[in-house]
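Each chain, letter by letter, is given below.
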Amino acid sequence: MILEWGPCQPKEHELPNNEYPKDSSKRSFHSSWYSRKLLDSTFEQRNWLTYSPKLNKVFCLYCIIYGNNSNDAWVKYGFNHWKNGHMALIKHETTSAHIMSSLKVKLKACCLPLLPSLVEEHNKQVSFNRELVKQLIEITIFLGQHNHSFRGHNENWKNNTTGNFKDMVVLLSKHSPILSVHIDQLKSKGKKENSFISWDRQNLLIESISEYILSTIRSQILSARYFSISTDSTFDISHKEQLSFVVRYLFNSNICERLIALSESSNTTGQSLFELFKSVMEKNGLDWNQHLIGQSYDGAANMRGPYSGLQAHIIKENPKALYVWCHAHRFNLIVLSAVGCCKEAVDLFGNMEKLYSFIVGSKKRSDIYRKNQSELYPKKQLKAIKRVGTTRWMSNSFALSTVLETLEAILDMLEQVKNVEGPVDFKTGSECNGLQSYFQSSRFILTAFIFKHIFEVMEPLSKILQSRDLDLLTAVNYLKKVEQKITMMRTDEKFNTIFEEAKQYSKEHFGDFNMNNLMSFRNRKRNVVRRSGELCIDQSIQDSKQYYKISVFFSSN
C-alpha cells in the first residue's frame, strides 16, 4: 500500500508561505532534488526520496521498507543538512544498501500485482474486443443496407480483393487503430489468433443483427396487438422457392410493414403454405388466432382459392382475418389483359422489348446509343433503354418515355449499325430495317401517344396502391376518379387531341405525318356471305384515321 501511494514530494506552492522552511544558515530543501539529470541530459524521478513537511526532513522510502545496514539518517532520523544536500543525495543513492533496496522494490512491483495485472489485461482485451465487434457490426449493417455481397471467391490476404467485408475492414483499418491491430495480429499469428472477420464470424454477425431486429419487430407487434399478414413467393438466385412473410401493424401512430421471415417452400399447395404460416407465427410468438385481422396475397389459386387456398385455411380457424386481393396486382392484371386485346399495343411493346434486346445485347451498340444522346441532347442527362416487363406493367411507362425522348438517338444508332454490321451480318441488317421501319411509322407514334396519355392517368394510381400508408377508403376513392378519367378519355375530342399531338411530334422529327401506314396493319379483307333476310352489306372503313380510332382507340375486343 505504501509503494502504491508513492513518496511524499510536495512543491513550494503546496506549502505554507509557498516555500520550504529554512535552517539557521538560511538554507532549505529544493524541489529540483526530486529528480536527477542523466548523462543524456534527460531527467529521472527520484521515487525513493520522500519529504516530511512536519519535520522538514527527507527520508529514503526504499530503505525504510527493505533497507539492511542502512544509514539511520535516511531511515530513522531523517536528513536535513541542506548545505551539502545535493551531494548527499547522490552519495546515498549509490550505496550498496540503497541499490539492494531499490532492486527489491522493483522486483516486488513486478511480482506482487500478478493477479490484478491479469485481471486488468483481461478487461483490456474485453474492451478491445467490444470496440472491434462494434465496428464490424457497423460494417455489416452498411453492407446489408446497400444489398452488397459479403464474401469473395478467394479471401486470402495475398489477393488484392478479398470480398466486400474484408476489403472494407482493410480500408477502415487505415483510420481505426483497433482494426489495424487486429489485422496485423491475424497476418502475423495466422490461425493461432482468434479471427473476428472469418466467414463463420460474418455469419454470426449477420444472424445476431437479424435476431436483434426481429426481436424489436416482435415487441412492436405485441405492443400493437392487432396485425395483418402479406405473403408472396418467388425464385431466388439459386432457383429455390422462397416465401416471404410481411406483417403490417400500427405502432406509435405510424403504419409499419416489416419482413419477419423468408422461408424456403418446395411444396406450394395451400395446405403446405398454411403449415409454413403456422410455424412462422409460432416461432415469432404471434397469436394469429386472436390478433390477425387481415391477409393479402396475389391471385394465385394456392393463395386466394376459396376452398383449399391459404386464405381459406386461415379464415376457417380465424374468421376475423379478412382476405384482400392485392389491388396493385389486380390493377396490373387488368391493364395487361386490356393491352393484350389490341394488336397495335402488342406490336408497340413487343418492338420495344426487341429494341431493348438489340441495344443491350452489344456493348458497341450501347456505346453508340450513348454517344448519339451526348451529341443530340448535350444538356440532358444520358438515359438507358428500359426493359418491358409484365410483372409490374406500369414500369413500361418509363420504357415508353425513354424511347420517345431519345427516338432520334435510337434511329441514328440503328442506321450506323446497319451500315457497319449489316453488310456482314444479314440478320442484324434485317433487324435494323425492321426496327427503323416501325419506329418511324405513324402506327408507332400514334399508339405511343395513346399509351402515354393512359400512363399519365394510371401511373399515379399504381404508385398509390403500392404505398405503405394507404387506407382502403382512399384507394376506393382514387380508383373511382381514375375510372372517371378513363371514361372521359373515350371521346372523339380526346382522340383528336392525341392525334394532333402525335402529328406534331411526327412533323418535328420526320416531316409530314404519313396517314397511309395507319392501315398497314389491317388483315386481309374477308368477304362475309349475306344471310337470308339481310338487307345491308358489310363495308370496310376506308378513312385511315377513322379506322384507327374505331379499331384501336375504341377497341372493345
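Here's what I pulled together on the structure shown here.

Some thoughts on the nonpolar core
The tendency in soluble globular proteins is for nonpolar side chains to be buried side by side.
Link 1 in the chain: Counting residues in hydrophobic clusters, the biggest one holds 45 residues, and the most contacted among them are Leu348, Met352, Val403, Phe439 and Phe444.
Link 2 in the chain: Taken together, the elements giving at least two residues each to this core come down to helix 15 (343-360), helix 16 (363-376), helix 17 (396-405), helix 18 (407-421), helix 19 (426-439), helix 20 (442-465), helix 22 (492-509) and helix 23 (544-553).
Link 3 in the chain: If you look at the next biggest cluster of nonpolar residues, it comprises 28 residues, including Ile217, Met281, Tyr297 and Leu310.

Remarks on the sheet that holds strand 6 (residues 241-251)
Link 1 in the chain: Spatially, five strands are ordered 7-6-5-8-9 in an open sheet, and the strand pairing comes out mixed. In this open sheet, the two edge strands, each paired with only one partner strand, are strand 7 (254-264) and strand 9 (322-325). The average undirected angle you get between the axes of adjacent strands in this sheet is 25°.
Link 2 in the chain: Strands in contact with helix 10 (residues 270-283) are strand 5 (227-235), strand 6, strand 7 and strand 8 (292-297); relative to strand 7, the strand with the most contacts, it is inclined by about 120°.

Remarks on a nonpolar patch on the surface
Link 1 in the chain: Together, Met1, Ile2, Leu3, Trp5, Ile64 and Ile65 make up a nonpolar patch on the protein surface, roughly 630 Å² of accessible area in all.
Link 2 in the chain: For the nonpolar patch, the secondary-structure elements that each account for two or more residues are helix 1 (2-5) and helix 2 (61-66).
Link 3 in the chain: If you tally residues by element for the nonpolar patch, the top one is helix 1, at three residues.

What to know about the environment of Tyr377
Link 1 in the chain: Considering the arrangement of structural elements, one finds Tyr377 in the loop between helix 16 and helix 17.
Link 2 in the chain: When the C-alpha positions of Tyr377 and Glu405 are compared, they lie 9.8 Å apart, and in sequence the two are 28 residues distant.
Link 3 in the chain: Apart from residues no more than four positions distant in its own chain, Tyr377 is found in contact with Glu405, Thr406, Leu407, Glu408 and Ala409.

Considerations on unusual backbone geometry
Link 1 in the chain: Despite not being glycine, Arg225 shows a phi value in the positive range, around 70°.
Link 2 in the chain: If you trace the backbone, Arg225 turns up in the loop between helix 9 (199-224) and strand 5.
Link 3 in the chain: The backbone of Asn252 shows a phi angle near 55°, a positive value even though the residue is not glycine.
Link 4 in the chain: Position of Asn252 among the secondary structure elements: in the loop between strand 6 and strand 7.

Thoughts on helix 20
Link 1 in the chain: For helix 20, which comprises 24 residues, the first-to-last C-alpha distance of 34 Å matches the rise-based estimate of 34 Å (1.5 Å per residue) to within 8%.
Link 2 in the chain: Taking the largest bend as the criterion, helix 20 deviates by roughly 35°, centred on Phe455.
Link 3 in the chain: For helix 20, a buried count of 18 out of 24 residues is recorded, marking the element as mostly surrounded by other parts of the structure.

Scoring rules and cut-offs
Residues numbered from 1 in each chain as written. Predicted model: local features only at pLDDT ≥ 70, side-chain atom pairs only at ≥ 80, totals over all residues. Heavy atoms only, no water. Core = buried A, V, L, I, M, F, W, Y, C linked by side-chain atoms within 4.5 Å. Buried < 20%, exposed > 50% of the residue type's maximum accessible area, 1.4 Å probe, protein only. Helix = DSSP H or I, 4+ residues; strand = E, 2+ residues; numbered from the N terminus. Pairing = 2+ DSSP bridges. Axes fitted to C-alpha atoms, helices over the stretch in contact; angles between N-to-C directions. Contact = heavy atoms within 4.5 Å. Patch = residues over 30% accessible without salt bridge, like charges linked within 9 Å, V, L, I, M, F, W, Y side chains within 5 Å. Areas by Shrake-Rupley, 256 points an atom, 1.4 Å probe, with all protein chains shown as cover. Salt bridge = Lys/Arg side-chain N within 4 Å of Asp/Glu carboxyl O. Expected span 1.5 Å × (residues − 1). Bend = angle between axes of the 7 residues up to and from the residue.

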